[in-house]
Structure formats: structure tokens, C-alpha cells
Amino acid sequence: MRDLGSVTGSWRRTAAGAGLQDTAGDVLPTIFAEMSALAARTGAINLGQGFPDEDGPAAVLEEARRAIADGVNQYPPGRGIPELRRAIADHQRHWYGLSPDPDRDVLVTAGATEALSAALLALTDGPADEVVVFEPFYDSYAACVALAGARLVRVRLHRTATGFAPDPDELTAAVTDRTRIILVNDPHNPTGAVFSRELQQQIVALAHRHDTLIITDEVYEHLRFDSDHVPIASLPGAWERTLTVSSGGKTFSTTGWKIGWISGPAPLIEAVLAVKQFLTYVNGAPFQPAIATGLRLPDEYFVQIATAMRAKSDVLATGLGGAGFDVIPSHGTYFTVADAAPLGATEAAAFCRSLPGRAGVVAIPLTAFVTPEHRGEYATLVRFAACKRIEVLQDAAARLAGLARP
Ligand SMILES: *Cc1c(COP(=O)(O)O)cnc(C)c1O
């Protein structure tokens with residue numbers, strides 16, 4: 001009989017090699033799990049993990065209930081139901097002037113997360129291939145690049161008076177002929193940055209110069225506060241080499257449904273499908289028509305969610321400022337970053353562990369999104385989620401105000 005110990009032993013080495021387990025073979029708990037557990041234990045307000053505390057539009061929820069009642073409960077087609085793929089294509093035409101073919105250029109996935117992991121696995125080929133990411137980054141990016149066996153190259157977003165942005169020269173230096181993919185996240189989690197037109201143009205120009213692909217995670221496309229979203233795929237010369245990823249989770253407050261999608265040139269979508277079919281195959285049959293309904297909601301819905309999130313973000317930022325944090329302006333997403341140094345913090349993780357006891361609020365240290373070598377630059381920065389009811393944010397602000405009092 002095969003020794004199970006050696007099987008699990010080699011499996012452990014694989015996952016540890018990707019940085020997903022410690023050397024004892026334990027799954028590394030994410031900071032989100034640790035902080036959510038801390039919130040549950042202490043009764044603190046959880047502004048850590050980014051999930052809304054209110055339901056999304058009634059028409060979307062009702063469509064899912066109807067679909068279940070009507071028997072839409074078996075495997076949907078591998079690419080997603082045609083109705084949803086058409087809704088995705090029509091949404092991109094309506095909002096951005098893009099014209100993906102719903103039958104060839106669009107693939108429905110198990111959330112944006114699967115779209116990103118399938119694309120990274122499909123389109124990189126081992127350690128010679130580099131993936132350029134903007135750091136701090138969403139935690140699944142580095143894990144998927146590691147699982148794909150590719151090399152992660154980081155371009156830091158630096159703090160400025162108006163938000164976070166990369167240094168154009170550092171970006172130029174990071175992209176080389178070894179680069180296979182430039183991975184964009186716009187609007188950006190965790191910083192709330194949006195990419196300027198000049199930055200987008202630079203990325204497209206670098207992609208041409210070094211013959212790379214662009215993968216862009218735009219799950220916050222409808223949560224921008226002070227300007228309209230422009231997908232990088234809509235820039236001249238970008239479509240042919242860009243895969244755009246989005247999801248219904250953030251736009252319709254249905255983060256537990258995991259209906260995402262990826263769109264771009266048919267040959268690239270074929271490659272992603274080849275991997276995706278062996279990850280989940282398909283998912284969420286009754287949620288697919290519901291998200292199609294969501295994507296066809298009137299424009300007012302999309303305008304209103306941006307306005308509402310901006311109002312929430314403002315309440316949070318005002319509260320953080322009043323408590324003594326130095327707030328870095330957020331231009332979109334669920335998140336706002338604040339510097340805890342004026343409150344005496346020297347290390348954000350320790351500060352966040354003490355925050356439930358000191359103020360009854362949970363937040364996430366920005367260092368959780370940064371590789372160890374670069375943590376110094378972000379050492380005292382903390383990410384707060386604004387995707388909660390206004391009363392909850394006001395309560396959090398009142399609690400945080402206690403930090404400012406001696
Ligand atoms: C929430 C989030 C995702 C995950 O989207 P799902 O559709 O839930 O998989 C991906 N990228 C970013 C930047 C996110 O914030």
C-alpha cells in the first residue's frame with residue numbers, strides 16, 4: 001500500500017512552496033479570518049472584511065428565487081447561460097462602448113476569483129514568465145501566481161496627497177520581455193486608488209513594447225466616487241491583448257453568489273476555458289439569470305450605488321479624521337486607508353489587534369496586502385471597509401473618536 005504520509009508530505013511541500021502553508025503543514029490563516037474571529041469574540045464592529053451588511057436589489061434576489069422554483073438547478077452550459085453572456089456583452093456596450101461577442105468573447109466563472117486564477121494558470125508557463133502586479137494587492141493574486149509557478153514582479157503604489165499611484169519609471173523598469181502578464185486592479189483594493197488615463201496608456205504602451213497580455217480586475221467598476229470608470233480594454237490598441245474580469249458580487253451586494261466573468265479576444269477566452277472547465281466546470285445555475293437581471297437594471301441603479309458608497313466612505317473618512325488618523329483619499333471601492341502613526345502606531349498589525357479592545361472596531365493592516373520586503377513603506381497604514389449601513393459607520397466613528405481623547 002502506498003504510504004499516505006509520503007503523499008501528504010509532498011502535497012505539503014507543494015502548498016508550502018507556494019507560500020500557502022507553514023512548514024508544519026498547517027493552512028496559514030488569513031488576516032481576514034483572524035480579524036473576523038476577533039470581531040466575533042469581542043463584539044467589535046467589523047470594518048475588516050469587505051462584505052455589505054444589506055441585501056442588494058429586490059429584482060435580482062427575486063429572480064434567483066424564481067429560477068430555483070422554476071427548476072434552474074442543474075449544470076448550466078460550460079461558458080455560462082446565453083442570457084447572462086448577452087447581458088454581460090450588452091452591459092459592456094452600454095457603459096463602455098465595447099462590443100464583445102457573447103458567444104465567443106465572454107466566459108462566466110465562479111466569481112472574479114476563478115476568472116483570475118484560471119487566466120493566470122492558463123496564460124503563464126512556469127518560472128520564466130513574470131506577472132507584474134501593483135502592490136499592495138488583493139491576496140489571491142500572489143497565491144495564484146505561485147500556484148501557476150510563475151514569478152511575481154511588484155510595482156509599488158506610493159502614497160500621495162491625493163491617493164495612491166505608482167511611479168511611472170518604476171513601472172517602466174518592471175515590465176520587460178520576460179513579462180507575460182500585467183495584472184491591473186482598477187478601482188483598486190485595498191487602497192481605493194483609480195488608475196489615471198496616463199497610467200492606463202502607459203500600461204497599454206508597455207504591453208505593446210514587450211508583447212505582454214493585460215489582465216484587469218474591475219470588480220469595483222460601478223463603485224467610483226468622482227469620475228466614470230473607463231476599462232483599460234476600451235483604450236486604443238488594448239482590446240486585442242486584454243482580459244477584463246468582473247463580478248456581480250460587489251455591484252449587486254451578492255458576494256456569496258460567486259457569479260463572475262471574464263471577457264476578451266476569443267482565443268484567450270478559449271485558453272481560460274480550457275483551465276476553468278477543470279476547476280469548477282460551472283457554478284451557480286439559478287444565480288446566473290439573477291445577475292443577468294441585475295446587469296439590465298436601469299442606469300439609475302448603478303449611479304445610485306456609487307453615490308451611496310461615496311456617502312458611506314465620507315462618513316467613515318470624517319470619523320477616522322476626527323479620531324486622529326491621517327486619511328488617504330479613496331476614489332472608489334469599499335475601502336479607505338488611514339495612517340495610524342499620528343495615534344502612536346508603529347506597526348499596523350499590532351495596532352489592529354489592539355483596536356477592538358481600545359475602540360471596539362476591527363480593521364485590516366495594509367501590510368497584509370504587501371510582500372515582506374516592502375512592508376516598511378506601509379507599516380502604519382490600516383484599511384477600513386465602508387460597505388456597511390450608515391448607522392453602523394456612525395457608531396464606528398463615535399467609538400473611534402475615543403482614540404483622540406487622552
Ligand atoms: C472581492 C474581490 C474579488 C473577488 O470577487 P468574487 O467575485 O467574489 O470572486 C476580486 N478582486 C478584488 C479586487 C476584490 O476586491
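Values in this document were obtained by computation on a predicted structure and should not be read as measured data. (Residues numbered from 1 in each chain as written. Predicted model: local features only at pLDDT ≥ 70, side-chain atom pairs only at ≥ 80, totals over all residues. Heavy atoms only, no water.)

Enquirer: So, the packing of helix α13 (residues 348–359) against helix α14 (residues 390–404): which residues are in play, and what are the values?
Expert: At a minimum axis separation of 9 Å, α13 and α14 run at an interaxial angle of 100 degrees. The angle between the axes of α13 and α14 places the two elements in the roughly perpendicular class. The segment α13 lies against α14, with L355, R358 and A359 engaging R399, L400 and L403. Partitioning the contact of α13 with α14 into residue classes produces four nonpolar, no polar and two charged. (Axes fitted to C-alpha atoms, helices over the stretch in contact; angles between N-to-C directions. Helix = DSSP H or I, 4+ residues; strand = E, 2+ residues; numbered from the N terminus. Parallel < 35°, antiparallel > 145°, perpendicular 65-115°, else oblique. Contact = heavy atoms within 4.5 Å. Nonpolar A, V, L, I, M, F, W, Y, C, P; charged D, E, K, R; others polar.)

Enquirer: So what about the sheet that holds strand β13 (residues 364–365)? Which residues, and what values?
Expert: Remark on secondary structure: sheet strands pair via backbone hydrogen bonds, oriented parallel or antiparallel. Within the open sheet, the four strands sit side by side as β10-β11-β14-β13. Their pairing is antiparallel. Unpaired on one side and paired on the other, β10 (326–328) and β13 mark the two borders of the sheet. Both β13 and strand β14 (residues 381–385) contribute to a ladder of two bridges, which runs antiparallel. In the sheet register, P365 faces β14, and the bridge partner there is V382. (Pairing = 2+ DSSP bridges.)

Enquirer: Before we move on, can you summarise the pairing of strand β3 (residues 130–135) with the specific residues and values?
Expert: When you tally the buried positions in β3, you get six out of six residues, the bulk of the element. On β3, burial covers both faces: E130, V132 and F134 on one face and V131, V133 and E135 on the other are all buried. Judged from the six bridges that link them, β3 and strand β4 (residues 151–160) form a sheet pairing that is parallel. Bridge pairing in β4 places V133 opposite R154. In this structure, β3 lies alongside strand β6 (residues 179–185), joined through four bridges in parallel fashion. (Buried < 20%, exposed > 50% of the residue type's maximum accessible area, 1.4 Å probe, protein only.)

Enquirer: Could you give an account of the sheet that holds β4, with specific residues and numbers?
Expert: One open sheet accounts for eight strands, arranged β2-β9-β8-β7-β6-β3-β4-β5; its pairing is mixed. The open sheet has two free edges, formed respectively by β2 (106–110) and β5 (163–166), since each of these has just one partner strand. Each strand axis lies, on average, 25 degrees off the axis of its neighbour in the sheet, ignoring direction. In this sheet, strand β9 (residues 259–263) lies alongside β2 in antiparallel orientation, the contact comprising five bridges. When the sheet's bridge partners are listed, A110 is paired in β9 with I259. Across the sheet, helix α4 (residues 82–96) lies against β2 and β9, angled at about 115 degrees from β2, the strand it touches most.

Enquirer: With reference to specific residues and values, describe the site of the ligand.
Expert: Every residue lining the ligand is accounted for by G111, A112, T113, Y138, N185, N189, D217, V219, Y220, S247, K250 and K258. Between S247 and the ligand, the recorded distance is 2.6 Å, taken from a side-chain N or O atom to an oxygen atom. One of the side-chain N or O atoms of K250 is found 3.1 Å from an oxygen atom in the ligand. Bound to the protein, the ligand loses 94% of the 390 Å² it would expose on its own. The element contributing the most residues to the shell around the ligand is helix α5 (residues 111–123), with three residues. (Near = heavy atom within 4 Å. Polar contact = N/O pair within 3.5 Å; in protein donor to acceptor, adjacent residues only side chain to side chain. Areas by Shrake-Rupley, 256 points an atom, 1.4 Å probe, with all protein chains shown as cover.)

Enquirer: Kindly report on the domain arrangement of the protein chain, identifying the contributing residues and their values.
Expert: For the protein chain, the assigned domains read domain 1 (10–55 + 301–402) and domain 2 (58–296). Placing a centre on the C-alpha atoms of domain 1 and another on those of domain 2 gives a separation of 23 Å. Taken together, the contacts link 35 residues of domain 1 with 41 residues of domain 2. With both sides pooled, the region where domain 1 packs onto domain 2 buries about 3,500 Å², and carbon together with sulfur makes up 62% of that total. For the interface between domain 1 and domain 2, the tally reads four salt bridges. As a salt-bridge pair, R159 and D339 come within 2.7 Å of each other at their nearest N and O atoms. There are 19 residue pairs in polar contact (both at pLDDT 80 or more) connecting domain 1 and domain 2. In terms of residue count, helix α12 (residues 299–323) provides more of the side of domain 1 that touches domain 2 than any other element does, seven residues in total. (Domains from an automatic or database assignment. Buried area = accessible area lost by both parts, 1.4 Å probe. Salt bridge = Lys/Arg side-chain N within 4 Å of Asp/Glu carboxyl O.)

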